Amino acid sequence: GAVVSQHPSRVICKSGTSVKIECRSLDFQATTMFWYRQFPKQSLMLMATSNEGSKATYEQGVEKDKFLINHASLTLSTLTVTSAHPEDSSFYICSGGAARGGRHEQFFGPGTRLTVL
Amino acid sequence: AQSVAQPEDQVNVAEGNPLTVKCTYSVSGNPYLFWYVQYPNRGLQFLLKYITGDNLVKGSYGFEAEFNKSQTSFHLKKPSALVSDSALYFCAVRPANQAGTALIFGKGTTLSVSS
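Residues numbered from 1 in each chain as written. Chains lettered and ligands numbered in written order. Predicted model: local features only at pLDDT ≥ 70, side-chain atom pairs only at ≥ 80, totals over all residues. Heavy atoms only, no water.

**With respect to the pairing of strand β8 (residues 64-68) of chain B**
Residues and elements named next belong to chain B. Note that strand β7 (residues 56-58) and β8 share three bridges and pair antiparallel. Note that in β8 the partner of leucine 56 across the bridge is glutamate 66. Hairpin connection, β7 to β8: the antiparallel pair is bridged by five residues, and tyrosine 61 has positive phi, about 60°. Both β8 and strand β9 (residues 73-78) contribute to a ladder of five bridges, which runs antiparallel. The partner of alanine 65 across the bridge, within β9, is leucine 76. Where β8 folds back on β9, the antiparallel hairpin that results is connected by four residues, among which threonine 72 adopts a positive phi of roughly 45°. (Pairing = 2+ DSSP bridges. Helix = DSSP H or I, 4+ residues; strand = E, 2+ residues; numbered from the N terminus.)

What follows is the structure, given as structure tokens:
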């Protein structure tokens, strides 16, 4: 149980276009979704936290108008990179949070590789 | 501020030898501690976690980690390394009293196991 999927797994786009990444919790309801980005050979950096039905909370330095996050249901969150530029090329990983056995746990998706030309 | 330190960028071991990947943390209150492994161009795979109880935690693929509260450490260990263990390893932490907050990750340690 506790599987998180991401779609697409890999996307290449032209500079100036927008890209949407979907994150789904397949067998549980994710009350919280987290979005991370990872540059090559670096750690995961939290971008934002979203709770179902409310606005996302962005980490310092992350542009909320550039990285649009929607968490419309307990099983789906989307990240839209608007007007993408080459410096947005990165590995984007989502995770779903849920209460398990009285504790809150995070389950990670497989990631989406974004390349902006 | 909460943080995780992985002091080694890379660890090199020979196949069959024991391995240790180091992790220290700084959180307010009790920690929840995690280890994940990442293969190239793949997502994170959960290895093990410490929540409470026995300080020695056993996880997937023969890995284990020991929680040491006095040294604020949670080093990952394996008695006999395999070439297939070569990957990027992340230690992560979350304060126990902050349910619903994101995990904080260390910078990662690349493990290279030679045959």
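Now that the structure has been shown, the text picks up again.
**Observations regarding the interface of chain B and chain A**
Facing the 21 residues of chain B at the interface are 19 residues of chain A. Interface of chain B and chain A: buried area, both sides summed, is about 1500 Å²; carbon and sulfur atoms make up 54% of it. At the junction of chain B and chain A, the tally comes to one salt bridge. With its nearest N and O atoms 2.8 Å apart, the salt bridge here joins lysine 49 of chain B to glutamate 105 of chain A. On the surface where chain B and chain A come into contact, there are six residue pairs in polar contact (both at pLDDT 80 or more). Elements supplying a minimum of two residues to the side of chain B that touches chain A: β5 (31-38), β6 (44-50) and β10 (87-95) of chain B. Partitioned by chemical class, the residues of the side of chain B that touches chain A number ten nonpolar, seven polar and four charged. (Contact = heavy atoms within 4.5 Å. Buried area = accessible area lost by both parts, 1.4 Å probe. Salt bridge = Lys/Arg side-chain N within 4 Å of Asp/Glu carboxyl O. Polar contact = N/O pair within 3.5 Å; in protein donor to acceptor, adjacent residues only side chain to side chain. Nonpolar A, V, L, I, M, F, W, Y, C, P; charged D, E, K, R; others polar.)

Function-wise, these values are silent; they only describe arrangement.
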